[in-house]
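Residue-level listing of the chains:
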Amino acid sequence: MSTSQPDASRPSEARTGDDRATPDDLLHARTGTEVSPEDVVLAAGRDVTPKNLEWARRKLAEEGPAALDKLLP
């Protein structure tokens, strides 16, 4: 059965000048809201456990909200 979506394994032959990655200096990790220890744990790719939450609390106490920015690309 045929689908209407293109084959994702083949690169598009019709790429435009707008089809580029966003430069790092234009990316923003936070939305202006409070950064929670859970946010830091998840951004680090860790499971939310009491040990990891304590690590995140210490990291936030030392680095502030920038701790999240440092973990995200």
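Residues numbered from 1 in each chain as written. Predicted model: local features only at pLDDT ≥ 70, side-chain atom pairs only at ≥ 80, totals over all residues. Heavy atoms only, no water.

### Things to note about the overall build of the chain
In terms of helices and strands, the chain carries three helices and zero strands. The order of α-helices and β-strands along the chain, N terminus first, is α-α-α. Expressed as a percentage of the 73 residues in the chain, the buried residues total 16%. By sequence separation, contacts in the chain at least 24 residues apart represent 39% of the contacts at least 6 residues apart. Surface exposure of the chain reaches about 6200 Å², of which carbon and sulfur atoms provide 50%. (Helix = DSSP H or I, 4+ residues; strand = E, 2+ residues; numbered from the N terminus. Buried < 20%, exposed > 50% of the residue type's maximum accessible area, 1.4 Å probe, protein only. Contact = heavy atoms within 4.5 Å. Areas by Shrake-Rupley, 256 points an atom, 1.4 Å probe, with all protein chains shown as cover.)

### Topic: the confidence of the model for the chain
Per-residue confidence for the chain gives a mean pLDDT of 77; residues scoring 70 or more make up 59%. Per-element mean pLDDT across the chain ranges from 89 in helix H3 (residues 66–71) up to 97 in helix H2 (residues 50–63). (pLDDT = per-residue confidence, 0-100.)

### Observations regarding the side chain of Lys59
As for its position among the elements, Lys59 is in helix H2. For Lys59, a relative accessible area of 17% corresponds to the buried category. Residue contacts for Lys59: discarding those within four places in its chain leaves Val40, Gly64, Ala67 and Leu71.

### Focus on H2
Compared with an ideal rise of 1.5 Å per residue, which puts 14 residues at 20 Å, H2 spans 20 Å between its outermost C-alpha atoms and is within 8% of the ideal. Residues of H2 that are buried: Asn52, Leu53, Ala56, Lys59 and Leu60. All buried residues of H2 project into a common sector of 120° when viewed along the axis, lining one side. Exposed residues on H2 whose side chains face more than 90 degrees from its buried face are Pro50, Lys51, Ala61 and Glu62. Looking at the buried residues of H2, the elements they touch are helix H1 (37–43) and H3. Remark: Gly64 follows H2 within two positions and exhibits a positive phi of approximately 70°. (Expected span 1.5 Å × (residues − 1). Arc of directions from axis to C-beta.)

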